[in-house]
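Analysis of the macromolecular model
Chain by chain, the residues:
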Amino acid sequence: MKNRIFAFTVIGLMAGIFLMGCEKTSEQKIESANEGVGDAKQELKNAQSEFESEWQIFKSESEKTIEANEKKIDAFKEKMDKAGSKMKAKYNKQVELLEKKNNDLKKKLEDYKDEGQSKWQEFKTNFKNDMDAIGKTITDLFSSTD
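Keep in mind that this is a model prediction, so the values were computed, not measured.

Digging into a negative patch on the surface
Residues Glu27, Glu31, Glu35, Asp39 and Glu43 make up a contiguous surface patch of negative charge. Structurally, Glu27 can be placed in helix α2 (residues 26–83). When its relative accessible area of 63% is taken as the criterion, Glu27 is described as exposed.

Below you can see the structure in the form of structure tokens.
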């Protein structure tokens, strides 16, 4: 019986010493928390920098595509003028609609504000789909008039 009491006492003391030795002081906890905050701030800066870079590339490429669409539409309008009033009447509404859609994309690009990663991905996907649709419509329109 004495051996059991002695064994439990020794085990209890060892456990107590172990737990007290492993416990962080409040200063260590504060220091650890500050390091975590510093790391989080750096990760946020990196993510923001990465977004800015991706945004500038996306914006530049999109502006080039919109500008190319404008040139194609202008070239088609010139072709319509040379072809006569019959062709002009046939395609005028389609050209006006393309111009409006292209201008809407331009405005959408200018008005975009960062609202987080998921909103950015959604915007980017929708914007690319809209641009592709306009590009396909322009290509189809040009090929149908040749």
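Section: helix α3 (residues 85–111)
Relative to the 39 Å expected for 27 residues at 1.5 Å per residue, α3 spans 37 Å between its end C-alpha atoms, a close match to the ideal helical length. By the burial criterion, the buried members of α3 are Met87, Tyr91, Val95, Leu98, Asn102, Leu105 and Leu109.

Structural notes on the layout of surface pockets
Space inside the largest pocket adds up to approximately 150 Å³. In terms of lining, the largest pocket is formed by Ala47, Gln48, Glu50, Phe51, Glu54, Asp114, Gly116, Gln117 and Trp120. Of all the elements in the fold, those that place two or more residues in the lining of the largest pocket are α2 and α4 (117–145). Considering each element in turn, the lining of the largest pocket owes the most residues, five residues, to α2. For the lining of the largest pocket, a count of residues per class yields three nonpolar, three polar and three charged.

Quick word on the packing of aromatic side chains
The geometry of two aromatic rings is summed up by the distance between their centres and the angle between their planes. Evaluation of the coordinates by the stated rule reveals 12 aromatic pairs. Ring geometry for Tyr112 versus Trp120: centroids 5.6 Å apart, planes at 55°, classification tilted. The pair formed by Tyr112 and Trp120 is uniform in burial state, with each residue classed as buried.

Concerning the pattern of salt bridges
Should their charged atoms come close, side chains of opposite charge can pair. The full count for this structure, using the stated rule, is eight salt bridges. Here Lys77 makes a salt bridge to Glu99, at a shortest N to O gap of 2.7 Å. Here Lys77, found in helix α2, pairs with Glu99, found in helix α3; they are 22 residues apart in sequence, far enough to count as distant. Using a relative accessible area of 29% as the deciding quantity, one classes Lys77 as partly exposed. A relative accessible area of 24% places Glu99 in the partly exposed class.

Cut-off values and rules
- Residues numbered from 1 in each chain as written.
- Predicted model: local features only at pLDDT ≥ 70, side-chain atom pairs only at ≥ 80, totals over all residues.
- Heavy atoms only, no water.
- Patch = residues over 30% accessible without salt bridge, like charges linked within 9 Å, V, L, I, M, F, W, Y side chains within 5 Å.
- Areas by Shrake-Rupley, 256 points an atom, 1.4 Å probe, with all protein chains shown as cover.
- Salt bridge = Lys/Arg side-chain N within 4 Å of Asp/Glu carboxyl O.
- Lys, Arg positive; Asp, Glu negative; His and termini not counted.
- Charge placed at Lys NZ, Arg CZ, Asp CG, Glu CD.
- Helix = DSSP H or I, 4+ residues; strand = E, 2+ residues; numbered from the N terminus.
- Buried < 20%, exposed > 50% of the residue type's maximum accessible area, 1.4 Å probe, protein only.
- Expected span 1.5 Å × (residues − 1).
- 1 Å grid on protein atoms, 1.4 Å probe; cavity = no way out; pocket = protein on both sides within 12 Å on 5 of 7 lines; lining within 4 Å.
- Points joined across faces, edges and corners; volume = space filled by probe spheres on them.
- Nonpolar A, V, L, I, M, F, W, Y, C, P; charged D, E, K, R; others polar.
- Phe/Tyr/Trp six-rings, centres within 6.5 Å; stacked < 30°, edge-to-face > 60°.

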